Each structure stands twice: as structure tokens, then as C-alpha cells.
Amino acid sequence: MHAAYRCSAASNAALVLKMWTAGLIADPRIRTVLERQDRGNYCKDLSTCYNDSPQQIGWGITISAPHMHAQALEQLKDHLRPGPI
């Protein structure tokens, strides 16, 4: 298993840093985007929102684990264009 599920942290910045250090994020642009989009703004339970696992956001819906967002962005990075965050 890759480093996923070992990157949980107490803050968004620490979560992104752990994913970066573990090699789950390779592109510095993706790191910047993930640092600017605080997961705590979307998760229902602030005590678990920085866990590297799916989290409830309400209405019976979950947000994917952070490493999944990082992986998707890494795969799409050559097709993405700069824009406002």
C-alpha cells in the first residue's frame, strides 16, 4: 500500500505537507492548490476532517480522501490551466 491513510494530520497545512513528504503530491502547483483549499471548510466533523479518509459533508454524501484528490490532480495536471482559486 502506498503512503495513503498514513497522512492524517491536525490541520490542512500539515495534511498537505505529509502527502508531499510521502510522495503523494509531486507537483508544487498541486501542493499550493491543496494548501489553499482547506478541507475543514467542507467536512461536517472538524475533529476528523484532516484524516486521510472519506468524510461526511452532509446529506448522506462524502468527500473523497485527500490522497484521492491529490492523485486525480496529479493525473490531470498536464490538462489544467492556471486560474483563480
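Conventions and cut-offs
- Residues numbered from 1 in each chain as written.
- Predicted model: local features only at pLDDT ≥ 70, side-chain atom pairs only at ≥ 80, totals over all residues.
- Heavy atoms only, no water.
- Salt bridge = Lys/Arg side-chain N within 4 Å of Asp/Glu carboxyl O.
- Buried < 20%, exposed > 50% of the residue type's maximum accessible area, 1.4 Å probe, protein only.
- Helix = DSSP H or I, 4+ residues; strand = E, 2+ residues; numbered from the N terminus.
- Arc of directions from axis to C-beta.
- Contact = heavy atoms within 4.5 Å.
- Core = buried A, V, L, I, M, F, W, Y, C linked by side-chain atoms within 4.5 Å.
- Phe/Tyr/Trp six-rings, centres within 6.5 Å; stacked < 30°, edge-to-face > 60°.
- Lys NZ or Arg CZ within 6 Å of the ring centre and 35° of its normal.
- pLDDT = per-residue confidence, 0-100.

A.B. asks: Can you walk me through the pattern of salt bridges in this structure?
C.D. replies: Opposite charge on two side chains lets them pair, provided their charged atoms get close. In total, this model carries three salt bridges according to the counting rule given. Between Arg29 and Asp27 there is a salt bridge, and its shortest N-O distance comes to 2.7 Å. Take Arg29: its relative accessible area is 53%, and that puts it in the exposed class. Here Glu35 and Arg31 are joined by a salt bridge, their closest N and O atoms 3.1 Å apart. Of the two residues, Glu35 and Arg31 both sit in helix 2 (residues 28-36), four residues apart, roughly one turn of that helix. Overall, the relative accessible area of 23% leaves Arg31 in the partly exposed class.

A.B. asks: It is not clear to me how helix 1 (residues 12-21) should be interpreted in this structure. Could you clarify?
C.D. replies: Residues spaced three or four apart along an α-helix point in a common direction, a consequence of the helix completing one turn every 3.6 residues. The complete set of buried residues in helix 1 reads Asn12, Leu15, Val16 and Met19. What you see down the axis of helix 1 is that its buried residues fit within an arc of 95°, all on one side. Along helix 1, exposed side chains directed more than 90 degrees from the buried face belong to Ala13 and Thr21. On its buried face, helix 1 is in contact with helix 2 and helix 3 (66-76). With its phi angle positive at about 85°, Gly23 sits one or two positions after the end of helix 1.

A.B. asks: Can you walk me through the nonpolar core in this structure?
C.D. replies: For soluble globular proteins, nonpolar side chains are generally found buried alongside one another. By size, the foremost hydrophobic cluster in this structure holds 14 residues, and its most contacted members are Cys7, Leu15, Met19, Ile25, Leu34 and Ala70. Take this core: its biggest share by element is three residues, from helix 1. Apart from the residues within four sequence positions on either side, Ala70 is in contact with Met19, Leu24, Ile25 and Leu34.

A.B. asks: When you look at the packing of aromatic side chains in this model, what are you seeing that I'm missing?
C.D. replies: Within this structure, the stated rule accounts for zero aromatic pairs. Sitting above the plane of the Trp20 ring, Arg31 keeps its charged end 4.9 Å from the centroid.

A.B. asks: Is there a simple way to explain unusual backbone geometry in this structure?
C.D. replies: Glycine aside, the phi torsion of most residues is negative, and most peptide linkages are trans. For Trp59, which is not a glycine, the phi torsion comes out positive at approximately 55°. Structurally, Trp59 can be placed in the loop between strand 1 (55-58) and strand 2 (61-63). In this structure Trp59 comes out as exposed when scored by relative accessible area, which is 79%.

A.B. asks: Mind showing me how you'd approach the confidence of the model for the chain here?
C.D. replies: Residues shown with low pLDDT carry predicted positions that ought not to be read at fine detail. In the predicted model, the chain carries a mean pLDDT of 89, and 93% of its residues have values of at least 70. Looking across the chain, the model is least confident in strand 1, with a mean pLDDT of 89, and most confident in helix 1, with 96.

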